[in-house]
Amino acid sequence: MVEMDMFGFKALAPMSEWVSAPPMLTKFLSGHDVRIEVMRGEPNATIVNLVLEFNVAMSCDSVTQSLSFNMLSFGFGGQPMLNLRTPYLQWSWSGTLTDVSDGILEIIVNNPTSFNGMLSTGSIGHLLLCKGEANNVMVFPKSAYDDTDFNYTDGQYTFMHHAYGADMFRYSGDFTLSWSDWTNWKNVTTIPADVLSNSDTFWTGQHLIVQYWSGVVTTSSIVVHADLNYKQQCCVPQFLTQGPFNDWGYDQCISSVMNLVSDGTWELEIMAAWPTYLQLNMFEYDDYYYGDGIMNRLPPNSIAHNYLNLSAPPYPALAWALIIDDATLEWTLEPHGHAFVSATIRHFCVLFYGIHHNLYGVQTNSGASKYSPIIGLLNKSAADFEESVTPITEKIFGHKPNTEIVGWPEDKNKRHKVLIATLKYEIIDWKLKVRVRGLGAMSSLGKAMTDIDLIWVIPKVKDLDYPAGKPA
């Protein structure tokens, strides 16, 4: 008789055809990929207790014989020794490893059998255990800064490695722009001086990055940073910002370089039309970072957004302070500024500063308005504003009256007044020529616009002599 629960189901099979599930490893102590911190010289620094639990009763001898160990310590100590302990449950095996060196221990469980020998796991298990001191970056990846082992003695740079568990390493002296060849593990490495200091170095001191590779954990993401003769600790030489707020780095009046305000902390105050976004770069404006809380370097073929989104700061703040931890690339925003203070300063400027008028320029008729030129134009003829000097273009080319109307319904003999302002100009009467790259033939406008009265506003350049203007 088969009993069924409401809305339940059962899968039934004849007893003669039933095959039970194979034994499985259900628990490992001290834990897979566990990190064990020790101090060299302690009594139990080389002892590790092991516990293996299975879902069925196993053969203790079979489990013991199935175990093998691969210790990655590269000459620092020997292979571990196994001391069997009495099982405290029928499905649990326990033992003690002695003489365990610092590094990465691989525990291999090769197809152990059950208590009656009829069943086996049918698989090979690989368990990892990492043990070492706090400065071993292979065991504790967060200890990625170590300037105590980076030294300069007798004209040579040396670095002492503590990353026991790594197979190979390479190093960079220019913040990953170039790397050395991969080298087998050794305790001390001598670094050539030209790797750390050359003509392309723009940062203070010498910065070394060491990258490690381990075949057991199959990773090369472990790195250590170290500095000599530095002002502040950092893992990134600089952060460049670009976005609409600084015209993508072309607005030189707005800073695009973040400031290293403390060890490992970068900051830049940004004020823009909110919301906005920006890109972060290390060397040039072509190696973008992106992220949502944590920044990552973006490959060229990625379709992910390669910028940081910045929403409007909460009222009454006016700006954001972008803060980056260069060790973890975690970025945060802090509101800066106050709308009330800004309004107070603006009101003070209006009350304190008076209105100043130009002392030089065209002298107007005595009846013209001195405060509102637009109002003063009402009921005034063009003769009220005729200049008392001959235009520069007429001195050079002579007066050429209009012979036909070109797009405007005025008198044919009336000359037009045009106001322009340029950075680049050439004024023959003053014997001045100012060139600005990329503005083309803007300086020759005076030669081409001979049929108009040209009012030309130009910036004065330092160390050039300009004629005095005529007082109005």
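Residues numbered from 1 in each chain as written. Predicted model: local features only at pLDDT ≥ 70, side-chain atom pairs only at ≥ 80, totals over all residues. Heavy atoms only, no water.

Visitor: Just checking my understanding: could you explain the sheet that holds strand β14 (residues 206-214) for this structure?
Guide: Each strand in a sheet pairs with its neighbour through backbone hydrogen bonds, running either in the same direction (parallel) or in the opposite one (antiparallel). The strand order β12-β11-β14-β15 describes an open sheet built from four strands, whose pairing is antiparallel. Both outer strands of the open sheet, β12 (183-184) and β15 (219-228), are each paired with one neighbouring strand and no more. Across eight bridges, the pairing between β14 and β15 is antiparallel. Each bridged residue has a counterpart across the sheet, and for Q211 the counterpart in β15 is V223. (Pairing = 2+ DSSP bridges. Helix = DSSP H or I, 4+ residues; strand = E, 2+ residues; numbered from the N terminus.)

Visitor: Any chance you could explain a nonpolar patch on the surface here in plain terms?
Guide: Taken together, V2, M4, F9 and L12 make up a surface patch of nonpolar side chains, about 500 Å² in accessible area. For F9, the position within the fold is in the segment before β1 (25-29). (Patch = residues over 30% accessible without salt bridge, like charges linked within 9 Å, V, L, I, M, F, W, Y side chains within 5 Å. Areas by Shrake-Rupley, 256 points an atom, 1.4 Å probe, with all protein chains shown as cover. Salt bridge = Lys/Arg side-chain N within 4 Å of Asp/Glu carboxyl O.)

Visitor: Please explain the sheet that holds strand β24 (residues 330-336) as it appears in this structure.
Guide: Taken in spatial order, the four strands of this open sheet run β17-β18-β23-β24, and their pairing is antiparallel. Each edge of the open sheet carries a strand with a single partner, namely β17 (259-262) and β24. Strand-to-strand twist in this sheet, taken as the mean axis angle between neighbours without regard to direction, amounts to 35°. With six bridges connecting them, strand β18 (residues 265-270) and strand β23 (residues 319-325) associate as antiparallel partners. The residue of β23 that forms the bridge with W266 is I324. (Axes fitted to C-alpha atoms, helices over the stretch in contact; angles between N-to-C directions.)

Visitor: Is there a simple way to think about the pairing of β17 in this case?
Guide: Two faces belong to every sheet, and in a regular strand the side chains alternate between them. Pairing of β17 with β18, which is carried by three bridges, proceeds in the antiparallel orientation. Bridge pairing in β18 places L260 opposite W266. Here β17 folds back onto β18, and the loop between the two strands holds two residues, one of which, G264, carries a positive phi near 75°.

Visitor: Even after reading the chapter, I still don't get the packing of aromatic side chains, so can you show me in this structure?
Guide: Given two aromatic rings, one states the distance between the centres and the angle between the planes to describe the pair. Scanning the model with the defined rule gives eleven aromatic pairs in all. Relative to W185, the ring of Y164 has its centre 5.5 Å away and its plane inclined at 50°; by these criteria the two rings are tilted. One end of the pair, Y164, is in the loop between β10 (156-160) and β11 (168-172); the other, W185, is in the loop between β12 and β13 (188-191), with 21 residues separating them in the sequence. The class for Y164 is buried, based on a relative accessible area of 10%. What links up through ring pairs into an aromatic cluster is the set F175, F202, W203 and F283. (Phe/Tyr/Trp six-rings, centres within 6.5 Å; stacked < 30°, edge-to-face > 60°. Buried < 20%, exposed > 50% of the residue type's maximum accessible area, 1.4 Å probe, protein only.)

Visitor: What's the story with the environment of T241 in this structure? I'm lost.
Guide: Note on placement: T241 falls in strand β16 (residues 240-242). Note: C-alpha distance between T241 and L268 (27 residues apart in sequence) is 9.0 Å. Ignoring sequence-local partners within four residues, the contact set of T241 consists of N246, S255, S256, M258, L268, Q279, L280 and Y285. (Contact = heavy atoms within 4.5 Å.)

Visitor: Help me understand the pattern of salt bridges in this model?
Guide: Proximity of charged atoms lets side chains of opposite charge pair with each other. On inspection of all chains with the given rule, the structure shows two salt bridges. Residue R35 is joined to D33 by a salt bridge in which the shortest nitrogen-to-oxygen separation is 3.1 Å. Among the residues examined, D33 registers a relative accessible area of 32% and is labelled partly exposed. Put simply, K131 and D102 hold a salt bridge, and the shortest N to O gap is 2.7 Å.

Visitor: Where do I start with unusual backbone geometry in this structure?
Guide: Across the chain, the bulk of peptide bonds are trans and the bulk of non-glycine residues have phi less than zero. In the segment running from W274 into P275, the intervening peptide bond is cis, with an omega of -5°. Here P275 shows up in the loop between β18 and β19 (276-281). Backbone torsion omega between Y315 and P316 reads 10°, so that peptide bond is classified as cis. Topologically, P316 is positioned in the loop between β22 (308-310) and β23. Its identity as a non-glycine residue notwithstanding, F175 has a phi of 55°, on the positive side.

Visitor: How should I be thinking about the side chain of S59 in this particular structure?
Guide: Along the polypeptide, S59 turns up in the loop between β3 (48-54) and α1 (60-66). Not counting residues up to four positions away in its chain, the partners in contact with S59 are T113, S114 and F115.

Visitor: Sorry, what's going on with the side chain of Q206 here?
Guide: Within the secondary structure, Q206 sits in strand β14. With a relative accessible area of 10%, Q206 lands in the buried category. Here N229 takes part through its side chain, which lies 2.9 Å from a polar atom of the side chain of Q206. Not counting residues within four places of it along the chain, the set of residues in contact with Q206 comprises F150, Y157, L196, S197, A226, D227, L228 and N229. (Polar contact = N/O pair within 3.5 Å; in protein donor to acceptor, adjacent residues only side chain to side chain.)

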